[in-house]
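# Architecture at a glance
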Amino acid sequence: FETALTSQPWDIVIVANDNYSPAATLFDLLDTHVTGGGILYFHGWTIGNYATTKAMAHPFFAHMGIDYNFNDYDPPDPVLWWDPAHQLFNSPMSVPEFTNLTGGIYGTYGQYLHALPGFDAVAGYTPAPSAGDAALVTGNDGRTIFKGFLDGQNDADLDGDGMPDGRELWINIVGYFL
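All values reported here derive from a predicted model rather than from experimental measurement. (Residues numbered from 1 in each chain as written. Predicted model: local features only at pLDDT ≥ 70, side-chain atom pairs only at ≥ 80, totals over all residues. Heavy atoms only, no water.)

A surface patch of nonpolar side chains, amounting to about 290 Å² of accessible area, comprises Ile14, Val174 and Leu178. One can find Leu178 in the segment after α4 (165-177). (Patch = residues over 30% accessible without salt bridge, like charges linked within 9 Å, V, L, I, M, F, W, Y side chains within 5 Å. Areas by Shrake-Rupley, 256 points an atom, 1.4 Å probe, with all protein chains shown as cover. Salt bridge = Lys/Arg side-chain N within 4 Å of Asp/Glu carboxyl O. Helix = DSSP H or I, 4+ residues; strand = E, 2+ residues; numbered from the N terminus.)

Okay, structure coming up:
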């Protein structure tokens, strides 16, 4: 992945890391992409090992607008829309809140986050915005999304439209960047 990332310029980079820990060198490359004006979506389960409050701090996380608070362990916590009108939840798909999650798949399902000033926490683990409880943070003039939860625990179709809710969010994420 690192070789491909540096082989040419990319319009959009997507890192969906539900398994294993990425090398610290990947954060150098992703940080260069973001600070150079690139578009990036990122989620991963090992952020606590690298985030800004840890010994292995990396500036990438600040450039993505987040500060790590703590991990979401089994069972996974529901993710609620703090900005229900946001495009990520409404266009082109209507995406219901993630309230029917499956545990027993992972040990860590994501992270509780602090959104840094100038970034928008559009979803979180509490019914209303609360410091340190953010789950989805956008920023950099619409060029970045940091999702603090994984995909594997959500195979529900709460709106009954025949499509898993997690897939609907992915469709909207790609649409957001396009």
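What follows picks up the thread again.
Here we come to the pattern of salt bridges. Evaluated as defined, the whole model comprises 1 salt bridge. Here Lys147 and Asp151 are joined by a salt bridge, their closest N and O atoms 2.7 Å apart. According to the relative accessible area criterion, Lys147 is buried, its value standing at 1%. (Buried < 20%, exposed > 50% of the residue type's maximum accessible area, 1.4 Å probe, protein only.)

Under the 1.5 Å per step criterion, the end-to-end length of helix α2 (residues 24-35) is 17 Å for 12 residues, consistent within 8% with the ideal 16 Å. Among all positions in α2, only Leu26, Phe27, Leu30, Asp31, His33 and Val34 are buried. Angularly, the buried residues of α2 cover 160° about the axis, an arc narrow enough to put them on a single face. Its buried side turned inward, α2 meets α1 (2-7), β1 (12-17), β2 (39-44), α3 (59-63) and β8 (144-147). Of the residues trailing α2, Gly37 is marked for its positive phi of about 100°. (Expected span 1.5 Å × (residues − 1). Arc of directions from axis to C-beta. Contact = heavy atoms within 4.5 Å.)

Turning to the side chain of Thr108, a few remarks are in order. Along the chain, the position of Thr108 falls in strand β5 (residues 108-115). Here Thr108 falls in the buried class, since its relative accessible area comes to 10%.

The analysis is restricted to geometry; functional conclusions fall outside its scope.
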